[in-house]
Amino acid sequence: MSENKKQRNGLSRALKTFYGVGDFGFSFMSNIETYYFNYFLTNVAKFSAPVVTVVATVSSLIDACLSWIYGVIINSIKPMKWGRYRSWLLVAPWLVPFLYVFQFIRIGPEIVAAIIVVLGFVTSHIVWNIPWVANMSMINVAAKTPEERMALSSSRTMWNNIARVCYSYVGPAVVTFFAGVLGEDYGYAACAFAFGALMAAGYFAHFKMFDGYEESAEAELARMQAQKAAQDAAKAERKKKEGTLLQTVLANPYLLGLMVSELGRYTYSFVSSGIATYYFIYVAKDEGLTATFILISNLLGIAAGYLSRHIANKFSARGTMILAYIGIVVLLGVAFLLYENIWLVIVLMSLGQFCLSLTNACGPALYADCAIYSEWKTGRNATATIMGLGNVPLKAGVVCRALLINAALALGGFTSGLAVADVTPAIQRGIAMGFTVFPAVAVAIGLVIMIFFYRLTKERVNECSAEIARRKAQQK
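Predicted model, so just to flag it, every value in this text is computed and none were measured. (Residues numbered from 1 in each chain as written. Predicted model: local features only at pLDDT ≥ 70, side-chain atom pairs only at ≥ 80, totals over all residues. Heavy atoms only, no water.)

K.L.:
Sorry, what's going on with the overall build of the protein here?
P.N.:
The helix and strand tally for the protein stands at 19 helices and zero strands. Radius of gyration (C-alpha) of the protein: 22 Å, near the 23 Å computed for a compact globule of 476 residues. In terms of overall dimensions, the protein has a C-alpha envelope of 75 × 45 × 40 Å along the principal axes. The proportion of buried residues among the 476 residues of the protein is 58%. Contacts in the protein between residues far apart in sequence, at least 24 positions, make up 84% of those at least 6 positions apart. (Helix = DSSP H or I, 4+ residues; strand = E, 2+ residues; numbered from the N terminus. Rg over C-alpha atoms; globule rule 2.2 N^0.38 Å. Buried < 20%, exposed > 50% of the residue type's maximum accessible area, 1.4 Å probe, protein only. Contact = heavy atoms within 4.5 Å.)

K.L.:
What am I meant to see in the packing of helix H3 (residues 49-66) against helix H17 (residues 391-412) here?
P.N.:
For any two helices packed against each other, the geometry comes down to the angle between their axes and how far apart the axes lie. Put simply, H3 and H17 touch, their axes get as near as 8 Å, and they point 165 degrees apart. On the basis of their axis angle, the class for H3 and H17 is roughly antiparallel. Crossing of H3 over H17 shows left-handed handedness. Contact residues: Val52, Thr53, Ala56, Thr57, Ser60, Leu61, Asp63 and Ala64 in H3; Lys395, Ala396, Val398, Val399, Ala402, Leu403 and Asn406 in H17. Tallied by class, residues from the contact of H3 with H17 come to nine nonpolar, four polar and two charged. (Axes fitted to C-alpha atoms, helices over the stretch in contact; angles between N-to-C directions. Parallel < 35°, antiparallel > 145°, perpendicular 65-115°, else oblique. Left-handed = near helix turned anticlockwise from the far one by under 90°. Nonpolar A, V, L, I, M, F, W, Y, C, P; charged D, E, K, R; others polar.)

K.L.:
Explain a nonpolar patch on the surface to me, please; I cannot follow it from the model alone.
P.N.:
Taken together, the side chains of Ile326, Val330, Val334, Leu337, Leu338, Leu344, Val347 and Leu351 present a nonpolar region at the surface, about 640 Å² in accessible area. Elements that contribute at least two residues to the nonpolar patch include exactly helix H14 (289-337) and helix H15 (342-378). Ranked by residues supplied to the nonpolar patch, first place goes to H14 with four residues. For valine 334, the location among the structural elements is in helix H14. Taking relative accessible area as the criterion, valine 334 reaches 34% and is therefore assigned partly exposed. (Patch = residues over 30% accessible without salt bridge, like charges linked within 9 Å, V, L, I, M, F, W, Y side chains within 5 Å. Areas by Shrake-Rupley, 256 points an atom, 1.4 Å probe, with all protein chains shown as cover. Salt bridge = Lys/Arg side-chain N within 4 Å of Asp/Glu carboxyl O.)

K.L.:
Would you explain the side chain of serine 273 in this entry?
P.N.:
Position of serine 273 relative to the elements: it lies in helix H13 (residues 253-283). Residue contacts for serine 273: discarding those within four places in its chain leaves Thr34, Tyr35 and Tyr268.

K.L.:
What should I look at first to understand the state of the cysteines in this one?
P.N.:
Disulfides are covalent bonds that connect the sulfur atoms of two cysteines. Applying the stated criterion across every chain yields a total of zero disulfides. Left without a disulfide partner, cysteine 191 is nearest to the cysteine sulfur of cysteine 166, which lies 15 Å away. When its relative accessible area of 0% is taken as the criterion, cysteine 191 is described as buried. The thiol sulfur of cysteine 355 is not disulfide-bonded, and the nearest other cysteine sulfur, from cysteine 362, lies at 11 Å. (Disulfide = S-S within 2.5 Å.)

K.L.:
Is there a simple way to think about the packing of aromatic side chains in this case?
P.N.:
Remark: the centre distance and the inter-plane angle together describe each pair of aromatic rings, the angle taken between the planes. Applying the stated criterion to the full structure yields 34 aromatic pairs. Relative to phenylalanine 210, the ring of tyrosine 19 has its centre 5.5 Å away and its plane inclined at 70 degrees; by these criteria the two rings are edge-to-face. With tyrosine 19 in the loop between helix H1 (13-18) and helix H2 (21-44) and phenylalanine 210 in the loop between helix H9 (184-209) and helix H10 (217-226), this residue pair connects regions lying 191 residues apart in the sequence. A relative accessible area of 0% means that phenylalanine 210 is categorised as buried. (Phe/Tyr/Trp six-rings, centres within 6.5 Å; stacked < 30°, edge-to-face > 60°.)

K.L.:
Which parts of the structure should I look at to understand the packing of helix H4 (residues 69-76) against helix H7 (residues 110-142)?
P.N.:
Viewed as axis vectors pointing N to C, H4 and H7 meet at an angle of 60 degrees, and their least axial separation amounts to 9 Å. One finds that H4 runs oblique with respect to H7. H7 is crossed by H4, and the crossing has right-handed handedness. On H7, the residues that touch Tyr70, Gly71 and Ile74 of H4 are His125, Ile126, Asn129, Ile130, Val133 and Ala134. A breakdown of the residues in the contact of H4 with H7 according to their chemical character gives six nonpolar, three polar and no charged.

K.L.:
For this particular structure, what's the right way to read H14?
P.N.:
Along an α-helix, a turn takes 3.6 residues, which lines up residues three or four apart on a common side. For H14, which comprises 49 residues, the first-to-last C-alpha distance of 20 Å sits more than 12% below the rise-based estimate of 72 Å (1.5 Å per residue). At serine 316, H14 shows its strongest bend, of approximately 105 degrees. (Expected span 1.5 Å × (residues − 1). Bend = angle between axes of the 7 residues up to and from the residue.)

K.L.:
Would you explain unusual backbone geometry in this entry?
P.N.:
Leaving glycine aside, a negative phi is the common case for residues, and trans is the common case for peptide bonds. Its identity as a non-glycine residue notwithstanding, lysine 46 has a phi of 55 degrees, on the positive side. Along the chain, lysine 46 falls in the loop between H2 and H3. Accessibility expressed as a relative area gives 57% for lysine 46, which makes it exposed. With a phi angle near 60 degrees, lysine 285 is a residue other than glycine that sits in the positive phi range. Summarising the element assignment, lysine 285 is placed in the loop between H13 and H14.

K.L.:
Would you explain the pattern of salt bridges in this entry?
P.N.:
Oppositely charged side chains can form a pair if their charged atoms are brought close together. In this structure the tally under the stated criterion is ten salt bridges. With a closest N to O distance of 3.7 Å, aspartate 211 and arginine 86 form a salt bridge. Of the two residues, aspartate 211 sits in the loop between H9 and H10 while arginine 86 sits in the loop between H4 and helix H5 (88-91), which places them 125 residues apart along the sequence. For glutamate 463, the salt bridge is made with arginine 460, and the minimal N-O distance between the two is 3.1 Å. Of this pair, glutamate 463 and arginine 460 both sit in helix H19 (residues 458-475), three residues apart, roughly one helical turn. Accessibility expressed as a relative area gives 27% for arginine 460, which makes it partly exposed. Salt bridges sharing common partners tie together Glu467, Arg470 and Arg471.

K.L.:
Explain the nonpolar core here, please?
P.N.:
Generally speaking, soluble globular proteins have nonpolar side chains that are buried together. Judged by nonpolar contacts, the single largest core of 148 residues is most densely connected at Leu15, Leu41, Phe104, Phe280 and Ile431. Top element by residues in this core is H15. It accounts for 18 residues. With near-sequence residues (within four places) excluded, phenylalanine 104 lies in contact with Ile32, Glu33, Phe37, Phe40, Asp185, Tyr188, Ala189 and Ala192. (Core = buried A, V, L, I, M, F, W, Y, C linked by side-chain atoms within 4.5 Å.)

K.L.:
What is the right way to look at the environment of proline 50 in this model?
P.N.:
Note that proline 50 resides in helix H3. C-alpha separation for the pair proline 50 and cysteine 370, spaced 320 residues apart in sequence, amounts to 41 Å.

K.L.:
Explain the environment of arginine 318 here, please?
P.N.:
Mapped onto the elements of the fold, arginine 318 is located in helix H14. Separated by 242 residues in the primary sequence, arginine 318 and serine 76 place their C-alpha atoms 30 Å from one another. Those residues in contact with arginine 318 that sit more than four places away from it in its chain are Leu366, Met450, Ile451, Tyr454 and Arg455. From its side chain, arginine 318 meets the backbone oxygen of tyrosine 454 in a polar contact 2.3 Å long. (Polar contact = N/O pair within 3.5 Å; in protein donor to acceptor, adjacent residues only side chain to side chain.)

Listed below in structure tokens is the structure:
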């Protein structure tokens, strides 16, 4: 039986329930970086402050500069055996663990070690970004309506937050275990390898779940060859209308607005998470509260992932994003005013994570809507390119993490390896600002952009989808 004959319509029970197990592993893997990378640089590798800033900034900046290209690669090269998108879930993730370890190892003198860390960061991110984009693109391949896309996005968010809850228990324990066996200097590297392997296994599960939803390479190439004559006849005119993939993107004002707005939420996510360890060590003076904060915030995140589809069905994905952004700004602002009240800060910041998880569920659905609008407007299917552009604000958020965390530390006069007994009120206030104020300002900017520059409605998306379906029917 050919791949085309067994293509599925409608979401399977497995996808509705288990889509996101790959992101479960991805979250475990990336949490090592999110929560501990900057801490590894300052307190484990013990790089000097200028080197920490350079390593964190240069590695994330290179990663951000490359972030736009992954979707273009997927859309441009010849599809592999199992489909244009699905194949990447199988062939790339297994390389990640072997590259990721070098991001958390100090080898040799400071400059040599810094270069190795940067190379480990950049190469591991390249290898995991392509399947990440392919995984996101499969939402559009398998789901045919905004409701189905929101269902997959919501399931993915739930698994992400389940991972973070599990990580609050497992992550520190695994670090402690490997530190005891291999020594403290190699504990984070061993965790990076183990959790990278977990991510690869999860993406393999996605590969199996998406079987039958995407046409095979053979089927796609046969279809393209059959349409070649008609395409050649209209090629010149179509190029004048569509231009390049970049022009396709620039022709979509909703996409541009969404990307800028999303930078706000990613800045909040990465900066607050990355500086949380410093807050609980140097302000709360109780490092054990880091795991407590992760647990509480991500339990609320699981609830947000479950509720997001219902809230979005009532208010739309865009409306949900706007409400969540408002909640984040208010909660983080109050948290800064009361930053010395540790337990109140934990509650407020955890509620902020609840709001953030609502936006995490809505983001992929909004990019999928932008891909549909773009195809309706230009006639070009640039799904992977557009879904891949979701990587741009994410990676820009990582750059902001490097800049803003170190700016907050420098603001108070923090130095690498600072003893808790030597912390000053100025350092504590600077850390608190990095934990709350800097992210709140970024989200406030994102809120303004979302309100005024992203106006694509669910009804308009349904109209575009119907028109695309009619065009394809006429081409057969």
